[in-house]
Amino acid sequence: MIKKEMIAMLLAGGQGSRLGVLTSKVAKPAVAFGGKYRIIDFPLSNCINSGVDTVGVLTQYQPLRLNSHIGIGIPWDLDRNIGGVSVLPPYEKIESTEWYTGTANAIYQNIDYMEQYNPDYVLILSGDHIYKMDYEVMLDYHKQNGAEATIAVMPVPIEEASRFGVIITDENHKIEDFEEKPENPRSNLASMGIYIFNWKALKDSLIALSNQPGLDFGKHIIPYLHEQKAPLYAYEFNGYWKDVGTLSSYWEANMELIDLVPDFNLYEEYWKIYTKSEILPPQYISGDSVIDKSIIGEGSVIDGQVINSVIGCGVRIGKGAIVRDSIIMNRSVIEEGCELYKAIVAEDVTVGTGSKLGIGDEVENETDPHIYNHGLVTVGEKSIIPPGVTIGKNTCIFGVTEAEDYPDGNLASGKTLIKAGEEI
């Protein structure tokens, strides 16, 4: 039998509904980030940088782009004869067939995959966080404590702790209790959704709880092990970590990359972030263009002004256009004379000549204020915005729109424009 000390299981099936139209046709881990990357590149790069060379990627929602991005794992050096990366969608079984119904249920349905490597330890990861972590250091900590499960935790401001699963520990970081999104948190240590389990403890608890609907690590597996008096420890992480599950946090994380001294540094030699790179020509920056404090992807052609923005690969920005505080994803076209302020423009979008996005007062979005907020303009992939229109703040546009979709050439702040045939 093949023997691996530790394998990783990467949960990448999330719909990411809080990202609105950005995830209408693509799973959240496959959303573009930082110009040339996708969100899943970060946990995959952490794995290979930490010496973890066997990774199961569990997919479910809109997996096509994720599958083609991962391929056989060549960019991450995960194209191995033994181990490497395996994409694990739900599959039909003789006795029962079901979608993945919870984080731990997804792992339970892949017990046979894990069993073939006879691991000592299993690392559980989420596919939608931006961070750098050496999982080998966490494994050493797990071994030193004789733990059966170790949960990575991060100190957060106590006033924000109610948004997270909160861990209560003793002075030796042994877990005494935990609370799922408590109203009055007793600790500021938030679970990061990163776990290391002894394989036997994980397997036994998955089998024991397999009939639980929506089987979940935070709600079921960890409490079960705690009841069994298993030694559980918290591993405190103090580096940069961001859950980019909302449009505002996604926008902020991209903007933080272009700070003069970024909190999250993409340029470190010793901890590289790997991705599948297209074969593209270099950028072309014309003599008339102005670029200030921005990331520009390969193959982009810039004739206008780009200020404090993240521009993906193969983007075209026309003469006289101004792009400020915005994210423009791969292959989108911003035509001449456009103005974009605090816009998130998905892949393969065309913004017509002279259109202005992010103009006017900030008004609460009328359909999904919990998604479209913070003054952002969000444009879904393959959308077309006609020439000469003005679009307000906290707005959402998705689909091939035409001049008649904009009364008086305007989409007011707080409005949502989704063309028939497009689904959120």
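As a starting point, this report considers the structure included with it. Only a predicted model underlies this, so the values are computations on that prediction, with no experimental measurement involved.

Side note on the overall build of the protein
Inference 1: Looking only at helices and strands, the protein has eight helices and 33 strands in total.
Inference 2: By the compact-globule yardstick of 22 Å for 424 residues, the protein fits well, its C-alpha radius of gyration being 23 Å.
Inference 3: Overall, the protein is about 65 × 50 × 45 Å in size when its C-alpha atoms are taken along their principal axes.
Inference 4: Considering the protein as a whole, with its 424 residues, one finds that 55% of them fall into the buried category.
Inference 5: Within the protein, contacts between residues at least 6 apart in sequence are counted, and of these 58% link residues at least 24 apart.
Inference 6: Only carbon and sulfur atoms are counted for the fraction: they give 48% of the accessible area of the protein, which is about 18,200 Å².

Observations concerning unusual backbone geometry
Inference 1: In this structure, Lys382 is a non-glycine residue whose phi angle is positive, near 60°.
Inference 2: Counting through the fold element by element, Lys382 comes out in the loop between strand E28 (377-379) and strand E29 (384-385).
Inference 3: On the basis of relative accessibility, which here comes to 54%, the residue Lys382 falls in the exposed class.
Inference 4: Phi at Asp408 takes a positive value of approximately 55°, unusual for a residue other than glycine.
Inference 5: For Asp408, the position within the fold is in the loop between strand E31 (395-398) and strand E32 (410-411).
Inference 6: A relative accessible area of 84% places Asp408 in the exposed class.

Thoughts on the pattern of salt bridges
Inference 1: Using the criterion set out here, one finds 20 salt bridges in the structure.
Inference 2: A salt bridge links Glu366 to Lys415; its shortest N-O distance comes to 3.1 Å. Of this pair, Glu366 sits in the loop between strand E27 (356-357) and E28 while Lys415 sits in the loop between E32 and strand E33 (416-418); the two residues are 49 residues apart in sequence, bridging distant segments of the chain.

Concerning the packing of aromatic side chains
Inference 1: The full count for this structure, using the stated rule, is 10 aromatic pairs.
Inference 2: Relative to Phe42, the ring of Tyr37 lies with its centre 5.7 Å away and its plane at 55°, an arrangement referred to as tilted.
Inference 3: Relative accessible area serves as the criterion here: at 0%, Phe42 is assigned to the buried category.
Inference 4: Against the face of Phe264 rests Lys132, its NZ or CZ located 5.2 Å from the ring centre.
Inference 5: Above the face of the Trp251 ring, Lys342 is positioned so that its terminal group lies 4.7 Å from the ring centre.

Considering the pairing of strand E8 (residues 149-155)
Looking down a regular strand, the side chains alternate between one sheet face and the other.
Inference 1: Across the seven residues of E8, six count as buried, placing the element largely inside the fold.
Inference 2: Note: E8 against strand E11 (residues 189-198), six bridges, orientation antiparallel. Paired with Ile151 across the strands is Tyr195, a residue of E11.

Describing the sheet that holds strand E16 (residues 295-296)
Inference 1: Strand order in this open sheet of seven strands is E16-E19-E22-E25-E28-E31-E33, and the pairing throughout is parallel. Across the chains shown, the open sheet's two edge strands, defined by having one partner strand only, are E16 and E33.
Inference 2: Two strands pair when backbone bridges link them, and strand E25 (residues 343-345) and E28 are joined in this way by three bridges, in the parallel orientation. Bridge pairing in E28 links Val345 to Val379.

Here we look at helix H6 (residues 199-208)
Inference 1: Burial in H6 covers these residues: Trp199, Ala201, Leu202, Ser205 and Leu206. Angular distribution of buried residues about the axis of H6 spans 165°; they occupy a single face of the element.
Inference 2: Those residues of H6 that are buried are in contact with helix H3 (103-108), helix H4 (111-115), strand E6 (121-126), E11 and helix H7 (217-227).

Things to note about the nonpolar core
Within soluble globular proteins, side chains that are nonpolar tend to cluster in buried spots.
Inference 1: Grouped together as the largest cluster of nonpolar side chains are 76 residues, with contacts concentrated most on Met133 and Tyr250.
Inference 2: Top element by residues in this core is helix H8 (residues 247-256). It accounts for five residues.
Inference 3: For Met133, the contacting residues outside a window of four places in its chain are Asn46, Ser50, Met138, Ala152, Met192, Ile194, Tyr235, Phe237 and Trp271.
Inference 4: Counting residues in hydrophobic clusters, the runner-up holds 37 residues, among them Ile7, Tyr117, Val122 and Ile175.

Some thoughts on the pairing of strand E9 (residues 165-169)
Inference 1: Counting buried residues in E9 gives four out of five residues, a clear majority hidden from the surface.
Inference 2: The pairing of E9 with strand E10 (residues 175-180) spans five bridges and is antiparallel. Pairing of Thr169 across the sheet is with Ile175, part of E10.
Inference 3: In terms of strand pairing, E9 meets E11 through two bridges, oriented antiparallel. Counted as the bridge partner of Ile167 is Leu189 from E11.

What counts and what doesn't
Residues numbered from 1 in each chain as written. Predicted model: local features only at pLDDT ≥ 70, side-chain atom pairs only at ≥ 80, totals over all residues. Heavy atoms only, no water. Helix = DSSP H or I, 4+ residues; strand = E, 2+ residues; numbered from the N terminus. Rg over C-alpha atoms; globule rule 2.2 N^0.38 Å. Buried < 20%, exposed > 50% of the residue type's maximum accessible area, 1.4 Å probe, protein only. Contact = heavy atoms within 4.5 Å. Areas by Shrake-Rupley, 256 points an atom, 1.4 Å probe, with all protein chains shown as cover. Salt bridge = Lys/Arg side-chain N within 4 Å of Asp/Glu carboxyl O. Phe/Tyr/Trp six-rings, centres within 6.5 Å; stacked < 30°, edge-to-face > 60°. Lys NZ or Arg CZ within 6 Å of the ring centre and 35° of its normal. Pairing = 2+ DSSP bridges. Arc of directions from axis to C-beta. Core = buried A, V, L, I, M, F, W, Y, C linked by side-chain atoms within 4.5 Å.

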